[in-house]
Amino acid sequence: MKSRVLLLATILPFLARAATAQSHECSHSAGVDQRGDHVMGFDHEKTLHHFRLTKTGGSIEAEAKDAADAESREQIRMHFAHIAKMFSEGDFEAPMLIHETVPPGVPEMKKRRGAIRYEVKETPRGGRIVITTKDSRTLAAIHDFLRFQIHDHRTGDSGHIE
């Protein structure tokens, strides 16, 4: 009996911390989704987000799940045109609002913004921002930023360089 009480006394605080951490993670994820819908201007439930890493940078992609969803497609394209312009000017306010933190890589991307090119491309269901650089330190910052996005948006993308 004494050993069971001791075991419970040892395990219960651990379980409580784990439950609190899980609750915080769920709350954070819900907040990212809600703030993202507001800041990006399109519904995360109607769209798919992807972040890809390449040898020269990477890409941010969003597409409407339904090919007939012209509204989401246009909202994505408008948002991406706006974001590419902001990022090229060193303005990363949108991801900071969505994630409630400064994403990794952002300070370096702001500092070295002249070494980064942002190109918006339309896709059949939305759009893509292609991010490129020739500078190795800037490349590492871009990859850090994209890996953070993969994690915080829970996209399931690999985070490996394609």
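Let us look at the structure shown here. Computed from a predicted structure; not experimentally measured.

Side note on the overall build of the protein chain
Regarding its fold elements, the protein chain presents five helices and four strands. Reading the protein chain from its N end, one meets helices and strands in the order α-β-β-α-α-α-β-β-α. In the protein chain, which comprises 162 residues, the proportion classed as buried is 40%. Within the protein chain, residue pairs in contact and separated by at least 24 positions form 63% of the contacts whose partners lie at least 6 positions apart. In the form shown here, the protein chain has an accessible surface area of approximately 9,600 Å², with 56% of it arising from carbon and sulfur atoms.

A few points about helix α2 (residues 70-88)
Given a rise of 1.5 Å per residue, 19 residues ought to cover 27 Å, and the 27 Å separating the end C-alpha atoms of α2 matches this to within 8%. Within the sequence span of α2, burial applies to Ser-72, Arg-73, Ile-76, Arg-77, His-79, Phe-80, Ile-83, Ala-84, Met-86 and Phe-87. A positive phi of about 85 degrees marks Gly-90, the residue just after α2.

Details of the pairing of strand β4 (residues 126-133)
Working note: regular strand, side chains alternate between the two faces of the sheet. Most of β4 is tucked away, with six of its eight residues classed as buried. Of the pairings in the sheet, the one linking strand β2 (residues 57-64) to β4 comprises seven bridges and is antiparallel in character. What sits directly across from Ile-60, in β4, is Ile-129. Turn length for the strand β3 (residues 116-123)-β4 hairpin, with the two strands adjacent in sequence and antiparallel, is two residues.

So, unusual backbone geometry
Leaving glycine aside, a negative phi is the common case for residues, and trans is the common case for peptide bonds. The phi dihedral of Arg-154 falls on the positive side, at around 55 degrees, and the residue is not glycine. The residue Arg-154 is located in the segment after α5 (136-153) in this model.

Concerning α5
Residues spaced three or four apart along an α-helix point in a common direction, a consequence of the helix completing one turn every 3.6 residues. Here α5 is 18 residues long and its end C-alpha atoms lie 26 Å apart, about the 26 Å a rise of 1.5 Å per residue gives. Those residues of α5 lying buried are Thr-138, Leu-139, Ala-141, Ile-142, His-143, Phe-145, Leu-146, Phe-148, Gln-149, Ile-150, Asp-152 and His-153. Taking the backbone nitrogen of Arg-137 as reference, a side-chain oxygen 3.3 Å away marks Asp-135 as the first, capping residue of α5. Taken from the residues just after α5, Arg-154 is the one with a positive phi, measuring 55 degrees.

Digging into empty space enclosed by the protein
All told, the structure shown has one cavity of 30 Å³ or more when counted by the stated rule. Taken as a whole, the largest cavity encloses approximately 160 Å³ of empty space. Looking at the largest cavity, it is lined by 16 residues, and the ones nearest its centre are Met-40, His-79, Phe-87, Ile-98 and Gln-149. For the lining of the largest cavity, the secondary-structure elements that each account for two or more residues are β1 (47-54), α2, α3 (93-99) and α5. The class makeup of the residues in the lining of the largest cavity is eleven nonpolar, five polar and no charged.

Cut-offs and rules
Residues numbered from 1 in each chain as written. Predicted model: local features only at pLDDT ≥ 70, side-chain atom pairs only at ≥ 80, totals over all residues. Heavy atoms only, no water. Helix = DSSP H or I, 4+ residues; strand = E, 2+ residues; numbered from the N terminus. Buried < 20%, exposed > 50% of the residue type's maximum accessible area, 1.4 Å probe, protein only. Contact = heavy atoms within 4.5 Å. Areas by Shrake-Rupley, 256 points an atom, 1.4 Å probe, with all protein chains shown as cover. Expected span 1.5 Å × (residues − 1). Pairing = 2+ DSSP bridges. Polar contact = N/O pair within 3.5 Å; in protein donor to acceptor, adjacent residues only side chain to side chain. 1 Å grid on protein atoms, 1.4 Å probe; cavity = no way out; pocket = protein on both sides within 12 Å on 5 of 7 lines; lining within 4 Å. Points joined across faces, edges and corners; volume = space filled by probe spheres on them. Nonpolar A, V, L, I, M, F, W, Y, C, P; charged D, E, K, R; others polar.

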